[in-house]
Amino acid sequence: MNNIRKIDRVAHTSGDVLSVQLAKLREAFPEVFVEGRVDFDRLRTALGESASSGPGRFSFTWAGKSESIALLQTPSRSTLAPSESDKAGKTAATGNFFIEGDNLEVLKLLFKPYFGKVKMIYIDPPYNTGQDFIYPDNYADPLDTYLQLTGQADRSGNLLTSNPETSGRYHSAWLSMLYPRLFLARQLLREDGLMCVSIDDHEVHHLRMVMNEIFGEENYYATIAWQKKDTPAADAKGISTTHEYILLYQRSEEFARNLLPRTDEQLANYKNPDNDPRGPWTRTTLIRKEVRESRLFPVTNPKGRDRTPPPGTSWRVPPETFARYGAENRLWWGLDGDGDLPFLKRFLSEVQDGVVPISWWDYEFAGSNRNAKMEIRGIFDGDAPFETPKPVRMVRRLLDIATRPDDGDIVLDFFAGSCTTAQAVAELNHEDGGNRQFIMVQLPEPIDGAGKYPTIAAIGHERIKRVLADLRKRPRANAKGALDLGVRTFQLTAPNIREWDPNTSPEPDAYAQTLMQFEDPLITGWQAERVLWEVALREGYSLRTAFEKKVLSNGNSVYLVSDSETEQRMIVCLDEKILDDFSRAQELEASDILVCRDVALTDTAAANLSLQCRLKTI
Ligand SMILES: C[S@@+](CC[C@H](N)C(=O)[O-])C[C@H]1O[C@@H](n2cnc3c(N)ncnc32)[C@H](O)[C@@H]1O
């Protein structure tokens with residue numbers, strides 16, 4: 001057995017959030033760490049006046065909060081496997097992904113490869129209306145729960161439950177579900193990233209508090225009121241609610257919003273009645289409703305008549321500015337040049353590139369629920385297989401505010417439903433020649449009495465495929481750059497590399513047997529592609545990773561792992577034995593990671609290879 005050697009093993013679980021947080025704390029306060037642990041007394045001293053304690057301080061808590069924090073700190077032992085339905089090669093080059101799985105597990109898996117990489121996250125989680133289902137996070141074994149839930153494990157049983165208002169922990173259950181997901185989502189955002197969360201009256205107040213806690217109050221950005229209905233509900237008991245909210249939080253002050261493109265209606269205000277060579281313009285007043293003695297001078301119009309401000313007002317600008325405006329042909333006195341008052345011509349070519357976004361989004365600006373239903377019917381040949389989609393235009397407005405066309409911005413939606421967000425990203429790219437990428441995560445939530453689509457994930461995936469196929473046929477308005485109209489699908493699943501169980505019985509026979517079993521932790525029937533993905537994700541490679549198989553001159557086969565997101569070179573060999581002359585057949589550099597099976601190495605080969613590169617074993 002080769003277990004005595006001091007060679008790193010490929011991690012058997014996803015990245016560890018807690019250790020990343022601790023590293024940040026250690027960087028800021030190295031003095032509070034004693035033998036690797038935080039000494040609270042020292043931390044309190046280090047924080048001085050800023051430390052707050054005692055019963056009088058403000059706090060927000062609920063039943064189950066500490067368990068939900070523990071849950072987010074537990075690394076995931078699950079993995080992602082490329083879906084069988086993807087045709088190999090066809091989709092490999094894309095930066096768009098659809099992941100079927102529970103989003104908490106998936107966020108943990110994305111934690112390492114996507115830490116600080118996502119530009120915008122939009123989510124539309126269950127609103128906790130009493131009818132919607134809340135995922136039953138299982139603290140003891142999240143993967144097992146998921147596998148049972150999705151029929152991938154032996155014990156079946158419908159674990160999908162709604163969260164009725166009568167339950168004593170109605171709000172707590174919802175908050176406990178959301179807290180770890182929001183916490184991880186924040187870690188994935190770029191410093192200049194934006195998080196957008198749809199919500200309605202049921203939980204908006206709690207969501208704001210929980211987001212304040214996770215993002216910091218200073219990063220609260222805005223609350224958009226979105227008009228979801230264009231007509232009141234005639235049967236409403238009290239006041240018919242026609243709007244809901246989108247809470248926006250920036251990751252940090254580095255976030256800078258874009259201006260919104262001008263609408264056709266706004267552009268229609270710019271005209272050119274005098275054929276000014278500077279192009280269309282709109283007029284603005286030169287009158288101020290306040291009397292300032294120095295601004296009451298007469299101004300002469302083109303017909304030679306002197307004009308003064310009406311009573312109770314004065315000019316906005318002093319005489320020299322008026323003179324300059326006149327010399328530059330910026331004053332408008334009407335078509336006949338004999339108006340009573342002059343206006344300033346504001347040229348479209350000179351005003352800033354768009355309009356400042358506002359917090360009230362009516363249905364004409366951002367679409368309504370009715371529009372969203374029509375959109376989904378349009379895609380599914382008249383059917384509406386999903387009940388609660390958002391309108392594409394609404395997500396589009398968020399993308400307008402937070403993303404750029406040419407930065408390869410990653411947009412994540414981990415309550416993807418019918419994947420409206422993917423459609424908004426793809427359509428916007430098609431329109432402006434952009435290279436934004438999307439990652440959608442959706443649970444295979446079964447649909448009651450399912451017809452064509454057994455799960456919501458199936459609907460979301462199908463929608464993406466149909467939208468992309470349609471865009472491929474449509475002529476492009478902006479043909480700059482290559483357009484990525486591909487999508488690759490992954491599924492959350494159990495690993496092919498078995499996890500070492502630290503709880504193995506200390507009883508000698510059982511222990512020895514487990515050791516034998518773990519000499520090679522690959523499960524019976526393991527598949528190379530799945531093991532490769534598992535290793536890649538654990539090592540922080542993104543979903544864009546490609547694997548190229550190469551047969552070496554010494555007889556071994558290796559996979560060269562490449563990812564446009566990282567410079568790190570990784571080589572994986574899954575052969576049962578590392579043959580002689582491996583290092584001559586495969587050129588290795590000190591910074592390369594070479595991954596191979598522990599059982600495949602003799603002590604000599606291990607010693608040799610670990611001198612030439614960073615050797616890791618499975
Ligand atoms: C309100 S819908 C989102 C609708 C989406 N915005 C659209 O336009 O189609 C919320 C979705 O989150 C999904 N969901 C709930 N819990 C989840 C979990 N733990 N992991 C992944 N998806 C989940 C539900 O299945 C549901 O489809």
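Residues numbered from 1 in each chain as written. Predicted model: local features only at pLDDT ≥ 70, side-chain atom pairs only at ≥ 80, totals over all residues. Heavy atoms only, no water.

A.B. asks: Could you give me a rundown of the layout of surface pockets, with the residues and numbers involved?
C.D. replies: As a volume, the second largest pocket reaches approximately 980 Å³. For the lining of the second largest pocket, the elements supplying multiple residues, two or more each, are helix 1 (17–28), helix 2 (40–47), helix 6 (170–188) and helix 7 (204–215). Sort the elements by how many residues they give to the lining of the second largest pocket and helix 7 lands first, with five residues. Residues lining the lining of the second largest pocket come from more than one domain, with at least three contributed by each of domain 1 (17–72) and domain 2 (78–231 + 239–261 + 355–493). (1 Å grid on protein atoms, 1.4 Å probe; cavity = no way out; pocket = protein on both sides within 12 Å on 5 of 7 lines; lining within 4 Å. Points joined across faces, edges and corners; volume = space filled by probe spheres on them. Helix = DSSP H or I, 4+ residues; strand = E, 2+ residues; numbered from the N terminus. Domains from an automatic or database assignment.)

A.B. asks: Tell me about the site of the ligand, and name the residues and values.
C.D. replies: Taken together, 22 residues lie around the ligand, and D124, S418, T420, Q442 and E445 are the ones closest in. At 2.6 Å, a side-chain N or O of S418 approaches an oxygen atom of the ligand. Class assignment for the residues of the shell around the ligand results in ten nonpolar, seven polar and five charged. (Near = heavy atom within 4 Å. Polar contact = N/O pair within 3.5 Å; in protein donor to acceptor, adjacent residues only side chain to side chain. Nonpolar A, V, L, I, M, F, W, Y, C, P; charged D, E, K, R; others polar.)

A.B. asks: Let's hear about the confidence of the model for the protein: which residues, and what values?
C.D. replies: Put simply, the protein has an average pLDDT of 90, and 93% of its residues get 70 or more. Low pLDDT, under 50, characterises residues 1–5; the stretch is placed with twelve contacts to residues that sit more than four places away or in other chains. In this model residues 155–159 is a low-confidence stretch, pLDDT under 50, and it forms five contacts with partners more than four residues away in sequence or in other chains. (pLDDT = per-residue confidence, 0-100. Contact = heavy atoms within 4.5 Å.)

A.B. asks: Can you lay out the domain arrangement of the protein for me, pointing to particular residues and giving the numbers?
C.D. replies: One widely used convention gives an interface's size as the accessible area the parts lose upon coming together. Taken as a whole, the protein is organised into domain 1 (17–72), domain 2 (78–231 + 239–261 + 355–493), domain 3 (264–347) and domain 4 (498–617). Each of domain 2 and domain 3 has a C-alpha centre, and these two points are 49 Å apart.

A.B. asks: With reference to specific residues and values, describe empty space enclosed by the protein.
C.D. replies: By the definition in use, this model includes one cavity of 30 Å³ or more. Of the volumes computed, that of the largest cavity is approximately 50 Å³. Forming the boundary of the largest cavity are L71, D102, L104, E105, Y135, P136, D137, N138, P142 and T145. For the lining of the largest cavity, the secondary structure elements donating two or more residues are helix 4 (103–114) and helix 5 (142–149).

A.B. asks: Break down the pairing of strand 6 (residues 118–123) for me, citing the residues and quoting the values.
C.D. replies: Where burial is concerned, most of strand 6 is hidden: six out of the six residues are buried. Bridge count between strand 6 and strand 7 (residues 189–199): five bridges; the pairing is parallel. Pairing of Y122 across the sheet is with C196, part of strand 7. Relative to strand 18 (residues 410–413), strand 6 runs parallel, the two sharing two bridges. For M120, the partnering residue across the bridge sits in strand 18 and is V411. (Buried < 20%, exposed > 50% of the residue type's maximum accessible area, 1.4 Å probe, protein only. Pairing = 2+ DSSP bridges.)

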